[in-house]
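One-letter residues, chain by chain:
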Amino acid sequence: MVRRGSLGLALAVAMAFFATGCPRSCSAEPPPPTPAPPPPPTPPPGPGKAFPKIEILYNTEIDEILDVSKGEVTGIRLKNSKTGDTTVVDVTGVFIAIGHTPNTDLFRDWLELHDNGYLKTKPGTTQTKIPGVFAAGDVQDFVYRQAVTAAGTGCMAALEAERWLAAQGEH
Ligand SMILES: Cc1cc2nc3c(=O)[nH]c(=O)nc-3n(C[C@H](O)[C@H](O)[C@H](O)COP(=O)(O)OP(=O)(O)OC[C@H]3O[C@@H](n4cnc5c(N)ncnc54)[C@H](O)[C@@H]3O)c2cc1C
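Right, let's walk through the structure included here. (Residues numbered from 1 in each chain as written. Predicted model: local features only at pLDDT ≥ 70, side-chain atom pairs only at ≥ 80, totals over all residues. Heavy atoms only, no water.)

Description of the site of the ligand
Okay, so step 1: Around the ligand lies a shell formed by Asn103, Gly137, Asp138, Arg145, Gln146, Ala147, Val148 and Ala150.
Okay, so step 2: Arg145 has a polar backbone atom sitting 3.3 Å from an oxygen atom of the ligand.
Okay, so step 3: Note that an oxygen atom of the ligand is positioned 3.1 Å from one of the side-chain N or O atoms of Gln146.
Okay, so step 4: Residues of the shell around the ligand, tallied by class, amount to 3 nonpolar, 3 polar and 2 charged. (Near = heavy atom within 4 Å. Polar contact = N/O pair within 3.5 Å; in protein donor to acceptor, adjacent residues only side chain to side chain. Nonpolar A, V, L, I, M, F, W, Y, C, P; charged D, E, K, R; others polar.)

As structure tokens, this is what we get:
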């Protein structure tokens, strides 16, 4: 049995509900998603910072590769060529890349060289200006300089040498 006072209160609540309308949270349509805030702008990379694993050290030379006598590499001692300060960096390997000057001086008097010192070959072949002399690998390639392209031109040179010898009647 519902007491009179309780019924009056329930009606009052219902009336108040219909008077104000359905709140947003009970609507059949879900509320539109709140757009995510735009990401913060990416700061421009500094030297070497586009690749976080790479750090470029200027005015720096290798003073010593550590522990080679033990048959391993445990670090490198670096020397600042301006201040003379040394620091040790823990590394387990070292790659040495010594510029891009091809070692072609010994051919200079016999073969044609590009202005940058690379050997000239007839385009699409490994032929030099001397018949029977072929050039392959990085020494004649200043565009790609990769192991696979060096191996490819090595294969070309081998085939061209074989064919040249066959044409001389010596193969
Ligand atoms: C640090 C580094 C990383 C590399 N990484 C890659 C890579 O990831 N992938 C890739 O494809 N390529 C890579 N390369 C390039 C690749 O090593 C070369 O493209 C390839 O070794 C070229 O082969 P090559 O036989 O023409 O010359 P080289 O390998 O340079 O061989 C030339 C040889 O001639 C000898 N020589 C020179 N002068 C004389 C002389 N007067 N008398 C007798 N012998 C002589 C040298 O001692 C050497 O042994 C890398 C190179 C470097 C330096």
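Now that the structure is up, let's keep going.
Here's the deal with the pairing of strand β3 (residues 86–89)
Okay, so step 1: One ladder, built from 4 bridges, connects strand β2 (residues 75–80) with β3; its direction is antiparallel. When the bridges of β3 are listed, Ile76 appears paired with Val89.
Okay, so step 2: Where β2 folds back on β3, the antiparallel hairpin that results is connected by 5 residues, among which Gly84 adopts a positive phi of roughly 85°. (Pairing = 2+ DSSP bridges. Helix = DSSP H or I, 4+ residues; strand = E, 2+ residues; numbered from the N terminus.)

Focus: the side chain of Glu160
Okay, so step 1: Position of Glu160 relative to the elements: it lies in helix α2 (residues 147–167).
Okay, so step 2: Comment: no salt bridge for buried Glu160; closest opposite-charge side chain is Arg163, at 7.0 Å.
Okay, so step 3: With residues up to four places along the chain from it excluded, the contact list for Glu160 reads Thr125, Thr126, Gln127 and Phe134. (Buried < 20%, exposed > 50% of the residue type's maximum accessible area, 1.4 Å probe, protein only. Lys, Arg positive; Asp, Glu negative; His and termini not counted. Salt bridge = Lys/Arg side-chain N within 4 Å of Asp/Glu carboxyl O. Contact = heavy atoms within 4.5 Å.)

Comments concerning the sheet that holds β2
Within a sheet, each strand pairs with its neighbour through backbone hydrogen bonds, oriented either parallel or antiparallel.
Okay, so step 1: Here we have 3 strands laid out as an open sheet, ordered β1-β2-β3, and antiparallel in their pairing. Among the strands making up the open sheet, the edge pair consists of β1 (60–66) and β3. Averaged over all pairs of adjacent strands, the angle between their axes in this sheet comes to 25°, without regard to strand direction.
Okay, so step 2: Examined bridge by bridge, β1 and β2 share 6 bridges and lie antiparallel to one another. Paired with Ile65 across the strands is Ile76, a residue of β2. (Axes fitted to C-alpha atoms, helices over the stretch in contact; angles between N-to-C directions.)

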